[in-house]
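Residues per chain are reported as follows:
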Amino acid sequence: MSQSLFDLVRARMPAEPSAKTFIETADGHRHSYADLVARSGAYAAALAALGVKPGDRVAVQVEKSPEVVFLYLGAVRAGAAFLPLNTAYTATEIEYFLSDAQPSLFVCDPSKQEAMASASKAAGITEIRTLDASGRGSMAEAADAAPTNFVDVSRGGDDLAAILYTSGTTGRSKGAMLTHANLASNAVTLAETWRFRADDVLIHALPVFHTHGLFVATNVILASGASMIFLPRFDPKEILGLMPRATALMGVPTFYTRLLKEPGLTQEATRRIRLFVSGSAPLLAETHREWQARTGHAILERYGMTETNMNTSNPYDGARIAGTVGLPLAGVSVRVVDPETGAHLPADAVGMIEVKGPNVFKGYWRMPEKTAAEFKTDGFFITGDLGKIDPQGYVHIVGRGKDLIITGGYNVYPKEVENEIDALPGVIESAVIGLPHSDFGEGVTAVVVARHDAPGEKEMLTILEERLARFKCPKRILFADDLPRNAMGKVQKNVLRETHAELYRS
Ligand code: AMP
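In this numbering scheme, every chain counts its residues from 1 along its sequence in written order. Selection of residues for local features in this predicted model requires a pLDDT of at least 70, selection of side-chain atom pairs for listing and counting requires 80 or more, and totals for whole chains, interfaces and linings are taken over all residues. Only heavy atoms go into the side-chain values, all of them from the structure, while hydrogens and water stay out.

Colleague: Outline the site of the ligand, supporting the account with residue identities and numerical values.
Modeller: Here a residue counts as near a molecule or strand whenever at least one of its heavy atoms sits within 4 Å of it. Around the ligand sit 16 residues in total, of which Glu301, Arg302, Thr306, Asp385 and Arg400 are the nearest. Whenever a nitrogen or oxygen atom comes within 3.5 Å of another N or O atom, the pair is scored as a polar contact, on the condition that within protein one atom can donate a hydrogen and the other can accept it, and that pairs from neighbouring residues in sequence are kept only if both atoms are in side chains. Arginine 302 has a polar backbone atom sitting 2.8 Å from a nitrogen atom of the ligand. Between an oxygen atom of the ligand and a side-chain N or O atom of threonine 306, the distance comes to 2.6 Å. The fraction of the free accessible surface of the ligand (500 Å²) that becomes covered by protein chains is 93%. Helix and strand assignments come from DSSP, with helices taken as H or I runs of at least 4 residues and strands as E runs of at least 2, each series counted from the N terminus. Broken down by element, the shell around the ligand gets its largest block of residues, five residues, from strand S13 (residues 300-305). Methods summary: accessible areas were calculated by the Shrake-Rupley approach with a probe of 1.4 Å, and residue burial reflects only the protein chains presented.

Colleague: Talk me through the packing of helix H2 (residues 33-49) against helix H3 (residues 66-77); I want residue IDs and the actual numbers.
Modeller: Axis lines are fitted to C-alpha atoms, over the contacting stretch for helices. Their N-to-C directions set the angle, which ranges from 0 to 180 degrees. It is at 7 Å that the axes of H2 and H3 come closest, and there the two elements cross at 60 degrees. On the basis of their axis angle, the class for H2 and H3 is oblique. Where H2 crosses over H3, the handedness of that crossing is right-handed. Within the contact between the two elements, H2 uses Leu36, Val37, Arg39, Ser40, Gly41, Tyr43, Ala44 and Leu47 and H3 uses Glu67, Phe70, Leu71, Leu73, Gly74, Ala75 and Arg77. For this scheme, ten residues count as nonpolar: Ala, Val, Leu, Ile, Met, Phe, Trp, Tyr, Cys and Pro. Four count as charged, namely Asp, Glu, Lys and Arg, and the remainder, Gly too, count as polar. Per-class residue counts for the contact of H2 with H3 are nine nonpolar, three polar and three charged. Convention used here: angles under 35 degrees read as roughly parallel, angles over 145 as roughly antiparallel, angles from 65 to 115 as roughly perpendicular, and any remaining angle as oblique. Helix crossings are classified by the rotation of the near helix relative to the far one: an anticlockwise turn of less than a right angle makes the crossing left-handed, while a clockwise turn makes it right-handed. Should any heavy atoms of two residues lie within 4.5 Å, those residues are counted as being in contact.

Colleague: Tell me about the environment of tyrosine 364, and name the residues and values.
Modeller: Within the secondary structure layout, tyrosine 364 lies in strand S18 (residues 363-364). Between buried and exposed lies partly exposed: a residue is buried under 20% and exposed over 50% of the maximum accessible area for its type, with that area taken using a 1.4 Å probe on protein chains only. You can call tyrosine 364 buried: its relative accessible area is 3%. Between the C-alpha atoms of tyrosine 364 and glutamate 374, which are ten residues apart in sequence, the distance is 9.7 Å.

Nothing here speaks to function; it is all geometry.
Below is the structure:
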């Protein structure tokens, strides 16, 4: 029996597909579940006619629109691996991805076609089609001309459904190979954990080139036969206006901090929403508390990554504890080990987080050695995240392994220092990094965003010295207007490290 992700979509299809909305756009255009089946079928047929064979890759760098979702499902139905690329990538970066992935087709925005054509040529890719933000272009035209009654290519659970390149905040991007079983199992588990039903309406304001918007949000809706309101970008006012018509919102922490700045965010405005989910970057405990005070809702924080889909979630019914990413999802095992010896650590001890389960990817595309290095012999994947599991079983993330600072031989977890700085009056947020230091190896350094009534560098250091062991105290505190972030709202510590690399050298 085929175990394609689309078999799950069919099995969970609403009883009356033509009467049930799958996607509604901001301009009020509705696409039903019947439209989804027809349009994804047309894309599958168009892809096959363009020479895309089962097992091939279909690379896509286009603006968000419902057509991208139909193209994604069309690729899956044609047995190909869908490979979405961040819309911010330049032609030079795209050339790397195309050379590495060798897709049989590349779909880009028509406005970039010229630059992308030379990048594609350099990568040896000859088939290019286009799709713009309104869902038009030569790829859409190919689908217009194709039959809609495509017979899905049968797939095993272990066959590839997608390749997502890691966001590369540390080192070069790697292609994570995600199977039909990875995506289907996570969609079902999340839909159950978060109690999604056919009458749910999700506000979808995330990009669809990333695991959060494409898999967590879209696949959960598909697995529930529910609806989503598709927004091209995050706009706090627009979202507030839509809340009375929706039941759920999934976002990165920046969504929540920016919504909190809106005076219209009240209990009344959020009354119909039953679930606010946050992930992809740490949600400050402060934001969690403020949100609860303003709206009466406890944001549900979850943790995952491109390679693993989602691993943990705060409970739907039990306590949603601020500053934690919750409990392992059903079927997922999470453990914390000593990064040096690999020994399993007891509750509350900080170490490397490792995970295993049907959600965990198959490996890195054409990087067997890198894949082997990141899996343990018993099948656990080394996430690269440092954290601990508390006695109640809740997982806490303290930072990325690469962000760990070693100063004078002592380990400093940036999160611990950031928490102390963030608690100071007038501080909005902070990022703690290690910079090359001739004496200590790395010097603990804080980059702080603060209001002008916040204490200055000297005063802050005096306060911190009372709260933190001396080796954890920053050697310098630098002030900035904001912190560099990637598209998912993650602070780019690598950018900060590069910018300030010379701080202790002079
Ligand atoms: P990505 O592959 O772009 O989704 O990034 C995955 C990384 O984001 C994880 O390895 C974590 O470092 C981080 N991350 C995701 N969710 C959370 C969360 N709820 N809290 C803290 N870090 C998170």
